[in-house]
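The primary structure of each chain is shown beneath.
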Amino acid sequence: MNTFEEGLLLGILIGEGHFGGDGKQPQVTLRMHTRHQKLFETLLRLCPGSKLYGPYEHGGRSYFQWMARGEVLRETLLPLLDRLPFKEIDEHVYERYTDMKVRYGL
């Protein structure tokens with residue numbers, strides 16, 4: 001990933017991402033309107049092994065859901081996020097990220 005792509009990924013995850021899990025495994029999730037399909041395609045390219053679900057229709061809203069879990073989370077996304085200045089940019093989101101890592105022993 002070049003520095004622009006790293007910044008794009010970090011920015012979109014800070015603004016729209018969810019750091020959590022399903023109780024069994026950790027995951028990073030991003031849910032956005034279907035008009036952002038090209039952005040989701042970029043995320044799939046940047047994080048091979050991540051998944052895109054949808055489009056879904058719910059409550060009058062049409063959206064996709066992108067997920068990174070398992071190997072792509074551990075081998076690609078976490079090392080990247082750990083080396084970027086996450087904490088300095090958004091302390092609240094950084095806390096959610098570290099909570100996920102602690103909760104799932106990452």
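You'll find the structure just up there.
The following paragraphs examine the structure supplied in this document. Source: prediction; values computed, not measured.

What follows concerns the pattern of salt bridges. Two side chains of opposite charge can pair, provided their charged atoms sit close to one another. Enumeration according to the criterion identifies three salt bridges in this entry. The salt bridge partner of Glu 6 is Arg 83, with a shortest N-O separation of 2.5 Å. Of this pair, Glu 6 sits in helix H1 (residues 3-16) while Arg 83 sits in helix H3 (residues 70-83), and the two are 77 residues apart along the sequence. On the basis of relative accessible area, Glu 6 is assigned to the buried category, the value being 11%. Given a relative accessible area of 55%, Arg 83 falls into the exposed group. For the salt bridge of Lys 101 with Asp 82, the shortest nitrogen-to-oxygen distance reads 2.8 Å. Pair noted here: Lys 101 is in helix H5 (residues 91-103) and Asp 82 is in helix H3, with a separation of 19 residues, a long-range link.

Once that is clear, we can look at H3. Spanning 14 residues, H3 covers 19 Å between terminal C-alpha atoms, matching the ideal 20 Å at 1.5 Å per step. Remark: the principal bend of H3, roughly 40°, maps to Leu 77, with a proline, Pro 79, within the next four residues. Every buried residue of H3 is accounted for by Gly 70, Val 72, Leu 73, Leu 77, Leu 78, Leu 80 and Leu 81. Considering only its buried residues, H3 is in contact with H1, strand S1 (17-21), strand S2 (26-33), strand S4 (61-69), helix H4 (86-89) and H5.

Close contact between H1 and helix H2 (residues 37-46) brings their axes to 11 Å; oriented N to C, the two are set at 120°. Seen from above, H1 lies across H2 with left-handed handedness. Residue-level inspection shows Glu 5, Leu 8, Leu 9 and Ile 12 of H1 in contact with H2, the latter providing Leu 39, Thr 42, Leu 43, Arg 45 and Leu 46. In terms of residue class, the contact of H1 with H2 is built from six nonpolar, one polar and two charged.

Cut-offs applied
- Residues numbered from 1 in each chain as written.
- Predicted model: local features only at pLDDT ≥ 70, side-chain atom pairs only at ≥ 80, totals over all residues.
- Heavy atoms only, no water.
- Salt bridge = Lys/Arg side-chain N within 4 Å of Asp/Glu carboxyl O.
- Helix = DSSP H or I, 4+ residues; strand = E, 2+ residues; numbered from the N terminus.
- Buried < 20%, exposed > 50% of the residue type's maximum accessible area, 1.4 Å probe, protein only.
- Expected span 1.5 Å × (residues − 1).
- Bend = angle between axes of the 7 residues up to and from the residue.
- Contact = heavy atoms within 4.5 Å.
- Axes fitted to C-alpha atoms, helices over the stretch in contact; angles between N-to-C directions.
- Left-handed = near helix turned anticlockwise from the far one by under 90°.
- Nonpolar A, V, L, I, M, F, W, Y, C, P; charged D, E, K, R; others polar.

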